[in-house]
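Each chain is listed here by its residues.
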Amino acid sequence: MRRPSQQAARPTELFPISADWPDGALRLSGIPAAELADRFGTPLYVYDTDTIEQAASDIRTGLGAGYPDSSVAYASKALSAPWLYRLLHRAGLHFDVVSGGEVASATAGGVPTENIAYHGNYKSATEIAEAVGIGIGRIVIDHVDEIPAVSTAAQRVGVVQDVWLRLNPTVFAGGHPKIRTALVSSKFGLSISTGVAEEAVIACTQSRNVRLVGYHFHLGSQIADASPFASAVQTTLDFASRMVERHHVEPREITVGGGFPVRYSPADPASDSKALAHQIASLFQAAATAHELRPHLRVEPGRAIVARAGVALYRVGSTKRAGGRTVIAVDGGIGDNPRPALYGARYRPVAVHERPGERPIRVDIVGRYCEEGDVLARGVSIGPLRSGDLVAFPVSGAYQLSMASNYNGVPRPAVVVVDRGQAILVRRRETPADMLNCEIPVTLPSESVA
């Protein structure tokens, strides 16, 4: 049987929509990937604006078709960068953040603070005071003790702070145990079943400087169908109706989180964020009508907006045989992409330049870091690679750079945005000097002893 050529196996559906392969060489927005690597160095992360804008538009369109009074907020933890906030703010999105650093990045990108919701299961009194002080749009209450902290901060500056309660509807959903966030054992949210959520409603109504305007839940990530959302929406609206009856608190807004799936491999099921958004909105419409409620609906996708837009480019350093396998080492790894080590994430890399007539071989692509678990792709079929060749990892736009580190003292990579045929450096490559910026030169007492 004839083995398929690398070209036949090329996973074009995983790459940005601007990607093409004239003469077997990858281009992004018309720019050769090899040219980008030569100009900016490797490892290099390249983001395509067309793909980001299309993903955001699809979700907005699907959601609005099912429930017109709705909006989309970008979940910043997938990737937080001023250039991205500018792009998505221009597209009409709102934003959720989980730290002061993400707030700073969003405002640096021109996002009005009233368009930001501040999430997180731990927010210090200082962080809460800073958020209230700059006019943050919503603070998402994750535990009852946050309510007096928000009230105190709001009273100091003479405002009434709008809040949501993050509910835990106890729904099993998510593609991996580490990304399921609405189980009864989850660290997130206020349990409806134990009565803690109602305690929080009462505490809000008793706080002069806190205004409860809605409820929020987030089930997890990589949720492939709408059924978990249907269950969670029903539980949340049941609770909201009881709170109207018992405490006269009517929700103006309901946020159903994100979790839209992304395809990382041709073997993964095809995903359609537009269709899923429409399904969620339609079921929300039916449930809200049955409960005689009409809140604003919001979804908070992150991965689904940026994952496919990003491509990681690495340069091959060496190839060797080890224990019956072919091992190819590249100049990145767990420091810029910890997902394979954390979640067992799988990728489908390709050679940036295809060599006609060469049949693919099965290899492990490993990183440069001193960890045996630093494997970016295991058992993948790819054309024979030589030292100096370039490898492209598609679907690298979400959670890689946001979780990147300086492990082994390795600087983090540069980031380039390709937009309308132009390449713009949006984050320069770190240097050892950057990593030493926070270090303080000191002389220890023991060093001064003769």
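Residues numbered from 1 in each chain as written. Predicted model: local features only at pLDDT ≥ 70, side-chain atom pairs only at ≥ 80, totals over all residues. Heavy atoms only, no water.

Chemist: Could you clarify how one ought to interpret the overall build of the chain in this entry?
Modeler: Helix and strand counts for the chain come out as 12 helices and 21 strands. Against the globule reference of 22 Å for 450 residues, the chain gives a C-alpha radius of gyration of 24 Å, in line with a compact fold. Dimensions of the chain, computed from C-alpha atoms along their principal axes, come out at roughly 75 × 70 × 40 Å. Out of the 450 residues belonging to the chain, those deemed buried represent 54%. Across the chain, the fraction of contacts at a sequence separation of at least 24, relative to all contacts at a separation of at least 6, is 69%. Here the chain displays about 19,500 Å² of accessible surface, and carbon together with sulfur accounts for 51% of that area. (Helix = DSSP H or I, 4+ residues; strand = E, 2+ residues; numbered from the N terminus. Rg over C-alpha atoms; globule rule 2.2 N^0.38 Å. Buried < 20%, exposed > 50% of the residue type's maximum accessible area, 1.4 Å probe, protein only. Contact = heavy atoms within 4.5 Å. Areas by Shrake-Rupley, 256 points an atom, 1.4 Å probe, with all protein chains shown as cover.)

Chemist: What am I meant to see in the layout of surface pockets here?
Modeler: Size it by volume and the second largest pocket reaches roughly 450 Å³. Together, 22 residues line the second largest pocket, and Ala55, Ser271, Ser273, Ala304 and Arg308 are the ones closest to its centre. Looking at side-chain class alone, the lining of the second largest pocket contains 11 nonpolar, four polar and seven charged residues. (1 Å grid on protein atoms, 1.4 Å probe; cavity = no way out; pocket = protein on both sides within 12 Å on 5 of 7 lines; lining within 4 Å. Points joined across faces, edges and corners; volume = space filled by probe spheres on them. Nonpolar A, V, L, I, M, F, W, Y, C, P; charged D, E, K, R; others polar.)

Chemist: Whenever I open this one, the pattern of salt bridges confuses me. Can you help?
Modeler: A side chain of one charge can pair with a side chain of the opposite charge if their charged atoms are brought near each other. For the coordinates displayed, the defined rule picks out 19 salt bridges. By sharing partners, the salt bridges in this structure join Asp50, Glu53, Arg90, Asp419 and Arg420 into a single network. (Salt bridge = Lys/Arg side-chain N within 4 Å of Asp/Glu carboxyl O.)

Chemist: How should I be thinking about the side chain of serine 151 in this particular structure?
Modeler: With respect to the helices and strands, the residue serine 151 is situated in helix α6 (residues 146-157). The buried category is assigned to serine 151, whose relative accessible area is 12%. Aside from chain neighbours lying at most four places away, what touches serine 151 is Ser207, Arg208, Asn209 and Val210.

Chemist: Help me understand the confidence of the model for the chain in this model?
Modeler: Any region with low pLDDT has predicted coordinates that should not be read closely. Considering every residue of the chain, the mean pLDDT works out to 93; 94% of them sit at 70 or more. A low-confidence stretch, residues 1-8 stays under pLDDT 50, and its non-local contacts, those more than four residues away or across chains, total 11 contacts. Low pLDDT (under 50) marks residues 178-183, which in the prediction has 31 contacts with non-local residues, meaning those over four places away or in another chain. (pLDDT = per-residue confidence, 0-100.)

Chemist: Would you take a moment to explain the environment of glutamate 198 for this structure?
Modeler: Along the polypeptide, glutamate 198 turns up in helix α7 (residues 196-205). Given the relative accessible area of 19%, glutamate 198 is considered buried. Placed 202 residues apart in sequence, glutamate 198 and glutamine 400 show a C-alpha to C-alpha distance of 37 Å. Residues within four places of glutamate 198 in sequence aside, it is in contact with Phe239, Met243, Arg246 and His247.

Chemist: What should I look at first to understand the packing of aromatic side chains in this one?
Modeler: The geometry of an aromatic ring pair is captured by two quantities: the separation of the ring centres and the angle between the planes. Inspection of the entire model under this criterion finds nine aromatic pairs. The interplanar angle of 55 degrees and the centroid separation of 5.5 Å between the aromatic rings of tyrosine 47 and tryptophan 83 together place this pair among those described as tilted. Residue tyrosine 47 is found in strand β4 (residues 44-48), and its partner tryptophan 83 is found in helix α3 (residues 82-90); the two are separated by 36 residues along the sequence. Comparing tyrosine 47 with tryptophan 83, the two get one shared label, buried. (Phe/Tyr/Trp six-rings, centres within 6.5 Å; stacked < 30°, edge-to-face > 60°.)

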